[in-house]
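Each chain is listed here by its residues.
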Amino acid sequence: DTAVSQTPKYLVTQMGNDKSIKCEQNLGHDTMYWYKQDSKKFLKIMFSYNNKELIINETVPNRFSPKSPDKAHLNLHINSLELGDSAVYFCASSPLTGELFFGEGSRLTVL
Amino acid sequence: GIQVEQSPPDLILQEGANSTLRCNFSDSVNNLQWFHQNPWGQLINLFYIPSGTKQNGRLSATTVATERYSLLYISSSQTTDSGVYFCAPGGSSYKLIFGSGTRLLVRP
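Conventions adopted
Residues numbered from 1 in each chain as written. Chains lettered and ligands numbered in written order. Predicted model: local features only at pLDDT ≥ 70, side-chain atom pairs only at ≥ 80, totals over all residues. Heavy atoms only, no water. Contact = heavy atoms within 4.5 Å. Buried area = accessible area lost by both parts, 1.4 Å probe. Salt bridge = Lys/Arg side-chain N within 4 Å of Asp/Glu carboxyl O. Helix = DSSP H or I, 4+ residues; strand = E, 2+ residues; numbered from the N terminus. Nonpolar A, V, L, I, M, F, W, Y, C, P; charged D, E, K, R; others polar. Buried < 20%, exposed > 50% of the residue type's maximum accessible area, 1.4 Å probe, protein only.

Draft legend 1. Quick look at the interface of chain B and chain A. Counting residues at the interface gives 16 residues for chain B, matched by 24 residues for chain A. When chain B packs against chain A, the two sides together hide about 1700 Å² of surface, and 59% of this comes from carbon and sulfur. The tally of links from chain B across to chain A stands at one salt bridge. The salt bridge partner of Lys95(B) is Glu58(A), with a shortest N-O separation of 3.2 Å. Of all the secondary-structure elements, those providing two or more residues to the side of chain B that touches chain A are β4 (31-37) and β5 (43-48) of chain B. The dominant element in the side of chain B that touches chain A, judged by the number of residues it contributes, is β4(B), at four residues. Across the side of chain B that touches chain A, the residue classes break down as seven nonpolar, seven polar and two charged.

Written out as structure tokens, the structure is:
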């Protein structure tokens, strides 16, 4: 059983399109995250949710909108995609204090 | 915010060798984790170690929080240890700051 699963694993799309990435965790954790990893492998947090409430919102463009329907799910919707949005997006979860577990990543390529 | 510096940036080892990776951080932290990103891109949590020493098989980690550094030891390295090792300190799990990583290549 995959602990943190995200879909799709690969996304190729044109500039200006809208896309969503879904994430689910079955670890019973209260906190979920979205991280972005750029082409130089630099990892940066985008959003953090605790029990469906947004607690961290880094300086991310408004085109990125997370949504947490329940504490086991955290989705990421991106409007009006730009070339610079190309990256690998990782979902993660953790207990309130403790280890962070990552999903396998979703590679987004914007053409 | 917290500044994180990992060294060395790149490391090449012969299989069987030992190595130490270092992580320096600029502020006091309540949380520090080490991760391995394998060549297929998977990010695996190695240690949750805000202070003290932990061991897991051939890997061990030590964090000296008062001196703001953490060390990851890899003994008897194997080709499967190749990848990027990230240190991530933070005030909490909510906001870990990832270092730029140490890229390790273990040659057979």
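And the narrative resumes.
Draft legend 2. Here's a closer look at the pattern of salt bridges. Residue and element names in this part refer to chain A. Under the definition given, this model contains six salt bridges over all chains. For Asp30, the salt bridge goes to Lys71, with nearest N and O atoms at 2.8 Å. Of this pair, Asp30 sits in the loop between β3 (19-25) and β4 (31-37) while Lys71 sits in the loop between β7 (64-70) and β8 (73-78), placing them 41 residues apart in sequence. The partner of Arg63 in a salt bridge is Asp85, with the nearest N and O atoms 2.8 Å apart. With a gap of 22 residues between them, Arg63 in the loop between β6 (53-57) and β7 and Asp85 in the loop between β8 and β9 (87-94) connect regions that are remote in the sequence. When its relative accessible area of 16% is taken as the criterion, Arg63 is described as buried. On the basis of relative accessibility, which here comes to 4%, the residue Asp85 falls in the buried class.

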